[in-house]
Each structure stands twice: as structure tokens, then as C-alpha cells.
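Close look at the chain arrangement
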Amino acid sequence: MTKNMGTADRIVRSTLAAGAAALIATKTVKGPAAIALGGLATIFALTSSVGHCPAYDVADINTL
């Protein structure tokens, strides 16, 4: 699994994941929307931590 995400991309994803987590923690977003947002935040956090996005492979994107 080769890295395909640059530093700026990883910072943006980490920031979005943290923001989504804050919205869920403060109960600003509730119910099914919170579940969906939590799933998206989890994906963003995981992909930014490893530096690889499988969707980028499919779309042939590399932000390094």
C-alpha cells in the first residue's frame, strides 16, 4: 500500500474529522446524521493517518 496523499490533504482530512467529532460530541448533530458523519469522520481519520486513500487509487489521484 503506497502513500498517495500529501501533507496538505492529510491535514485537511484530520481537521474535518476532528470537527465532525466535535459536532457529534456536543450533540449538534444527532440521530442518523450523526452516525453518517461519524462514519465519514472515521474514514477521514484512518486515511489521513496512513496516508493512503483507496478512492484515490480508483480515480488515479495522487496528491504527493
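Small disclaimer: the values here were computed from a predicted structure and weren't measured.

Details of helix H1 (residues 7–25)
An ideal rise of 1.5 Å per residue puts 27 Å on 19 residues; H1 measures up with 27 Å between its terminal C-alpha atoms. Asp9, Arg13, Ala17 and Ala20 are the residues of H1 that are buried. Seen end-on, H1 carries its buried residues on one side only, within an arc spanning 65°. Along H1, the residues that are exposed and aim more than 90 degrees away from the buried face are Thr7, Ala8, Ile11, Thr15 and Ala25.

Looking at the side chain of asparagine 4
Take asparagine 4: it is sitting in the segment before H1. On the accessibility criterion, asparagine 4 (4% relative accessible area) is buried. A polar contact is formed between the side chain of asparagine 4 and the backbone nitrogen of cysteine 53, at a distance of 2.9 Å. Apart from the residues lying within four places of it in its own chain, the contact partners of asparagine 4 are Gly51, His52, Cys53, Tyr56, Asp57, Ile61, Asn62, Thr63 and Leu64.

As for the packing of H1 against helix H2 (residues 31–50)
H2 packs onto H1 with a crossing angle of 150° between their chain directions and a minimal axis gap of 8 Å. Regarding the angle of H1 to H2, the classification is roughly antiparallel. In this structure, H1 crosses over H2, and the sense of that crossing is left-handed. Each of Arg10, Arg13, Ser14, Leu16, Ala17, Ala20, Leu23 and Ile24 in H1 lies in contact with H2, whose residues at this interface are Ala34, Leu37, Gly38, Ala41, Phe44, Ala45, Thr47, Ser48, Ser49 and Val50. Grouping the amino acids of the contact of H1 with H2 by side-chain chemistry returns 11 nonpolar, 5 polar and 2 charged.

What counts as what
- Residues numbered from 1 in each chain as written.
- Predicted model: local features only at pLDDT ≥ 70, side-chain atom pairs only at ≥ 80, totals over all residues.
- Heavy atoms only, no water.
- Helix = DSSP H or I, 4+ residues; strand = E, 2+ residues; numbered from the N terminus.
- Expected span 1.5 Å × (residues − 1).
- Buried < 20%, exposed > 50% of the residue type's maximum accessible area, 1.4 Å probe, protein only.
- Arc of directions from axis to C-beta.
- Polar contact = N/O pair within 3.5 Å; in protein donor to acceptor, adjacent residues only side chain to side chain.
- Contact = heavy atoms within 4.5 Å.
- Axes fitted to C-alpha atoms, helices over the stretch in contact; angles between N-to-C directions.
- Parallel < 35°, antiparallel > 145°, perpendicular 65-115°, else oblique.
- Left-handed = near helix turned anticlockwise from the far one by under 90°.
- Nonpolar A, V, L, I, M, F, W, Y, C, P; charged D, E, K, R; others polar.

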